[in-house]
Amino acid sequence: MDPVHLFVPTFRVEEVLAEIRECLEKGWTGLGYKTVEIEEKWRAYSGLPHAHFLNSASSGLHLAVRLLKEDAAWQAGDEVITTPLTFVSTNHAILYEGLKPVFADVDEHLCLDPAAVEKAITPRTRAVVFVGMGGNPGRYGDILKICRERGLKLILDAAHMSGSWIGDRHAGHDADVSVFSFQAVKNLPTADSGMICFADRRLDEDVRKWSWMGINKDTYTRTLSGGTYKWMYDVEHVGFKYHGNSIMASMALVGLRYLEQDNAYRRRICEVYDRELAGSTRVERVPMARSCTPSRHLYQVLVDRRDETMVRLNERGIFPGVHYRDNTLYRMYAAADGTCPRARRASDRLISLPLHLRLTEGEAARVAQTLREIRS
Ligand SMILES: Cc1ncc(COP(=O)(O)O)c(C=O)c1O
């Protein structure tokens, strides 16, 4: 039996190469050209009003915090409520800006619990970062309501949410800013890239400068503009080199064509897992929020003796993953150690089952049956 891995990205190789060939033949691989096209296509697909293509979601999360902070003059030590159950990029973004991450616990969806968020609000709270775990919107609507009522900004870490629909709107349409990851194993895989989508047009204009060293006119626009003095630009901020490039955009353009189809296949695999694991008392499934069509980046379960279970799955050629360890277990965030018991319990028990486009329904059934056997 072939080994079954957590993630195996699928690339439409010929189509990707054709897009990249266009860049090479034109002699334009950097910022502009295909990056402009992927921004247009992403806006058209998602219905989000603004989109700026970046070199990663980690950069995007940093810029999200930076620009909201600049805009409303947040002070060092101001607080951002966040989840301990995430990839560390989410929380590093808060620290990069000298703000304080305040951890609130998760609910049964493994997303921020609205009651825990309410409890964590202080006079210094400025924003909440919500992570749509595995594409699951959890109780995002309640968190949005709290943010609107309490005058807090809402940052959606939508790293897993490319192609997640809440009702008939794409995830992020009502956040102050949402950040998507197109990293190598995400639902829309490139090698590394991402998209930042601000609600406010002004911030969308600003982020283009911040992602390109603070320069107020990019090289592509200057080249296209034809006229003289093309080298004349101003530098408005100490910005970053965070923008995306045309090679990554080429990959994303092809991925976007298939995103709906690919996510539908992921949902089919998840139905197999749901069916095969239904009724098991020893394998707890993470429930999906209602009224959504999720991207299904992950299929997560909780089991006792997780580490031993993982070893036994590995012995049978099955190589799942863990998303994530409670961030307060890391030295960086240890000051908040133990403040979120539900996240800690999940952190000790979580397994992400294999989920990708080359996994057959038969293989998914075998994974689920093997897991049940091991846990029986
Ligand atoms: C929840 C979450 N946020 C942010 C990121 C960062 O994304 P990127 O790798 O594009 O920087 C990831 C990537 O794994 C993630 O899972």
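What this report covers is the structure whose coordinates are included nearby.

Section: the sheet that holds strand 3 (residues 79-82)
- Pairing in this open sheet of 7 strands is mixed, and the strands run 2-10-9-6-5-3-4 from one edge to the other. Sheet topology places strand 2 (52-54) and strand 4 (100-103) at the edges, where each strand pairs with a single neighbour. In this sheet, adjacent strand axes meet at a mean angle of 25° when their direction is disregarded.
- Relative to strand 5 (residues 125-131), strand 3 runs parallel, the two being bridged by 3 bridges. Its bridge partner lying in strand 5, Ile-81 is registered against Val-128.
- Along the sheet, helix 7 (residues 201-210) makes contact with strand 2 and strand 10 (194-198), crossing strand 10 at roughly 145°.

Quick word on the nonpolar core
- Trp-42, Val-128, Phe-180 and Met-195 are the most contacted members of the largest nonpolar core, which has 63 residues in total.
- Of the residues forming this core, the biggest block, 9 residues, is contributed by helix 9 (residues 246-277).
- Not counting the four nearest positions on each side in its chain, Trp-42 is found in contact with Gly-47, Leu-48, Ala-51, Ser-162, His-170, Phe-180, Phe-182, Leu-188, Met-195, Cys-197, Leu-256 and Leu-259.
- Grouped together as the second largest cluster of nonpolar side chains are 25 residues, Leu-63, Leu-67, Val-179 and Trp-210 included.

Points about the packing of aromatic side chains
- Under the counting rule described, the total for this entry stands at 11 aromatic pairs.
- For the ring pair Trp-42 and Phe-182, a centre distance of 5.4 Å and an interplane angle of 65° mean the geometry is edge-to-face. Note that Trp-42 is positioned in helix 2 (residues 34-46) and Phe-182 in the loop between strand 9 (177-181) and strand 10, a separation of 140 residues in sequence. With respect to burial, Trp-42 and Phe-182 carry one shared label: buried.
- Here Phe-130 and Tyr-140 contribute two aromatic rings whose centre-to-centre distance is 5.5 Å and whose plane-to-plane angle is 75°, an arrangement assigned as edge-to-face. Within this pair, whereas Phe-130 is found in strand 5, its partner Tyr-140 is found in helix 6 (residues 140-150), the two being separated by 10 residues in sequence. For the pair shown, Phe-130 and Tyr-140 are each scored as buried.
- Grouping aromatic residues by their ring pairs yields a cluster made of Trp-42, Tyr-45, Phe-53, Trp-165, Phe-180 and Phe-182.
- We note Lys-26 situated over the ring of Tyr-33; from NZ or CZ to the ring centre the distance is 4.8 Å.

Some details on the site of the ligand
- Taken together, the neighbourhood of the ligand is formed by 17 residues, with Ser-58, Asp-157, His-160, Ser-181 and Tyr-324 sitting nearest.
- Between an oxygen atom of the ligand and a side-chain N or O atom of Ser-181, the distance comes to 2.7 Å.
- A distance of 2.8 Å separates an oxygen atom of the ligand from a polar side-chain atom of Lys-186.
- Relative to its free-state accessible area of 390 Å², the ligand is covered by the protein chains to the extent of 92%.
- Taken together, the elements giving at least two residues each to the shell around the ligand come down to helix 3 (57-72) and helix 4 (89-96).
- Ranked by the residues each element gives to the shell around the ligand, the list is headed by helix 3, at 3 residues.
- Tallied by class, residues from the shell around the ligand come to 6 nonpolar, 9 polar and 2 charged.

Cut-off values and rules
- Residues numbered from 1 in each chain as written.
- Predicted model: local features only at pLDDT ≥ 70, side-chain atom pairs only at ≥ 80, totals over all residues.
- Heavy atoms only, no water.
- Pairing = 2+ DSSP bridges.
- Helix = DSSP H or I, 4+ residues; strand = E, 2+ residues; numbered from the N terminus.
- Axes fitted to C-alpha atoms, helices over the stretch in contact; angles between N-to-C directions.
- Contact = heavy atoms within 4.5 Å.
- Core = buried A, V, L, I, M, F, W, Y, C linked by side-chain atoms within 4.5 Å.
- Buried < 20%, exposed > 50% of the residue type's maximum accessible area, 1.4 Å probe, protein only.
- Phe/Tyr/Trp six-rings, centres within 6.5 Å; stacked < 30°, edge-to-face > 60°.
- Lys NZ or Arg CZ within 6 Å of the ring centre and 35° of its normal.
- Near = heavy atom within 4 Å.
- Polar contact = N/O pair within 3.5 Å; in protein donor to acceptor, adjacent residues only side chain to side chain.
- Areas by Shrake-Rupley, 256 points an atom, 1.4 Å probe, with all protein chains shown as cover.
- Nonpolar A, V, L, I, M, F, W, Y, C, P; charged D, E, K, R; others polar.

Interpretation in functional terms is not warranted from these geometric data alone.
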